[in-house]
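Take a look at the letters that make up each chain.
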Amino acid sequence: MMSSSHAHHLKSVLTLSLISILFGAIAVVLTWIGNLNCQFVKFTTENTDENYTIQFGIWYFQYWTAAASIDGTFIFESCHHYPSHTNSGEPIAPDIQWKTARAFSILTFLFGISLFLYNIFLSCRAPTQRLFTSPLEGMGYLLASFCSGMTLILLDSQLCTDNV
């Protein structure tokens, strides 16, 4: 028969495991959304006629399509991969900062999903063998945070400075 303190310890370990898994899942989803959407950087043009906003991401850019129908014209907004050339025929080649931001966005996702799966596997262990956390987990979270922060190097790339 388990003592009251032992039962309380097991309950707190299970609770912390579930909370850790929940936060890990949220972090992976938010990383995925943040790195794969086309709204990482926003520019507002200052044209003499009207102002409009264009948005870019690490992997995609914002694109609008006009569709005419009987009820009028509708504008659809979507995200598209960057083309290999601009409308004027100039090649779009990501510079080193842009490539670095892409690499760190991949690393962030890989570290995040690895930590998430690690937490799930740890929660499958017998409650008496579980630890609250492991040293590897803390280092993994620091590394994932560092990689996530390094995606901000995109702000120093030609995508932002030259408005490609």
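Rules and cut-offs
- Counting restarts for each chain: residues are numbered from 1 in the order of the written sequence.
- Only residues with pLDDT of 70 or above have their local features reported here, since the model is predicted, and side-chain atom pairs are shown and tallied only from 80 upward, although totals for entire chains, interfaces and linings are computed over all residues.
- Derived side-chain values reflect all non-hydrogen atoms in the structure, with water molecules and hydrogen atoms excluded from consideration.
- The helix and strand labels rest on DSSP assignments: H or I over at least four residues marks a helix, E over at least two residues marks a strand, and numbering proceeds from the N terminus.
- Buried, partly exposed and exposed residues are distinguished by accessible area as a fraction of the type maximum, computed with a 1.4 Å probe on protein chains only: under 20%, between the cut-offs, and over 50%, respectively.
- We call two residues in contact when some of their heavy atoms are within 4.5 Å.
- Throughout, disulfides are identified as pairs of cysteine sulfur atoms within 2.5 Å of each other.
- The predictor rates its confidence in each residue with pLDDT, a number between 0 and 100.
- We call a set of buried residues a nonpolar core when its members are Ala, Val, Leu, Ile, Met, Phe, Trp, Tyr or Cys and they connect through side-chain atoms within 4.5 Å of each other.
- Geometry of aromatic contacts follows a simple scheme: Phe, Tyr and Trp rings, the Trp one being its six-membered ring, pair when their centres are within 6.5 Å, and the pair is stacked under 30 degrees between planes, edge-to-face over 60, tilted otherwise.
- Angles shown run from 0 to 180 degrees and are taken between the N-to-C directions of axes, each axis being a line fitted to C-alpha atoms and, for helices, limited to the stretch in contact.
- Angles below 35 degrees are treated as roughly parallel, those above 145 as roughly antiparallel, those between 65 and 115 as roughly perpendicular, and all remaining angles as oblique.
- By the definition used in this description, the sense in which the near helix is turned from the far one sets the handedness, with an anticlockwise turn below a right angle giving left-handed and a clockwise turn giving right-handed.
- Amino acids are sorted into nonpolar (Ala, Val, Leu, Ile, Met, Phe, Trp, Tyr, Cys and Pro), charged (Asp, Glu, Lys and Arg) and polar (every other residue, Gly among them).

Enquirer: Give me the lowdown on the overall build of the chain, citing residues and values where you can.
Expert: Across its full length, the chain holds four helices and four strands. Each helix (α) and strand (β) of the chain, taken in turn from the N terminus, gives the series α-β-β-β-β-α-α-α. In the chain, which comprises 164 residues, the share counted as buried stands at 26%. Once local pairs closer than 6 in sequence are excluded, the contacts in the chain between residues at least 24 apart make up 51%.

Enquirer: So what's going on with the state of the cysteines? Residues and values would help.
Expert: Throughout the structure, instances matching the rule amount to one disulfide. The disulfide that involves C38 links it to C79, with 2.0 Å between the sulfurs. Since a negative S-S torsion denotes a left-handed disulfide, the C38-C79 link at about -60 degrees is left-handed. Of this pair, C38 sits in the loop between helix 1 (4-36) and strand 1 (41-46) while C79 is found in strand 4 (residues 72-81), placing the two residues 41 residues apart along the sequence. Accessibility expressed as a relative area gives 38% for C79, which makes it partly exposed.

Enquirer: Provide a residue-level description of the environment of L155, including the pertinent values.
Expert: Checked against the element boundaries, L155 lands in the loop between helix 3 (135-150) and helix 4 (158-161). Spatially, the C-alpha atom of L155 lies 8.5 Å from that of W98, the residues being 57 residues apart in sequence. Look past the residues within four positions of L155 in its chain and what remains in contact with it is V41 and C160.

Enquirer: How would you explain the confidence of the model for the chain if you had to name every residue and give the values?
Expert: Residues at a pLDDT of 70 or more form 85% of the chain, whose mean pLDDT is 80. Within the chain, the element-level pLDDT minimum falls on helix 1, averaging 77, and the maximum on helix 2 (residues 96-123), averaging 88.

Enquirer: Provide a residue-level description of the nonpolar core, including the pertinent values.
Expert: V41, F43, F56, I58, F61, Y82, I92, W98, A101, L154, L159 and C160 form the largest nonpolar core, which has 12 residues in total. Listing elements by their share of this core, those giving two or more residues are strand 1, helix 2 and helix 4.

Enquirer: Quick rundown of the environment of A27? Include the residues and the values.
Expert: Checked against the element boundaries, A27 lands in helix 1. Separated by 85 residues in sequence, A27 and G112 have C-alpha atoms that sit 7.2 Å apart.

Enquirer: Hey, could you go over the packing of aromatic side chains for me, with residue numbers and the actual values?
Expert: Within the structure shown, the criterion is met by five aromatic pairs. Centre to centre, the rings of F43 and F56 are 5.7 Å apart; their planes meet at 70 degrees, and the pair counts as edge-to-face. One end of the pair, F43, is in strand 1; the other, F56, is in strand 2 (residues 51-56), with 13 residues separating them in the sequence. The burial state of F43 is the same as that of F56; both residues are buried. With a centroid separation of 4.8 Å and 85 degrees between ring planes, the pair formed by Y82 and W98 is classed as edge-to-face. Separated by 16 residues along the polypeptide, Y82 in the loop between strand 4 and helix 2 and W98 in helix 2 bring together distant segments of the chain.

Enquirer: Outline the packing of helix 2 against helix 3, listing residues and values.
Expert: Where helix 2 meets helix 3, the closest approach of the two axes is 8 Å, and the angle between their N-to-C directions is 155 degrees. Between helix 2 and helix 3, the angle falls in the class roughly antiparallel. For the crossing formed where helix 2 meets helix 3, the hand is left-handed. Residues F104, L107, T108, F111, L115, Y118 and N119 of helix 2 lie in contact with helix 3, whose contacting residues are E137, G140, Y141, L143, A144, F146, C147, S148 and M150. Of the residues in the contact of helix 2 with helix 3, the class split is 11 nonpolar, four polar and one charged.

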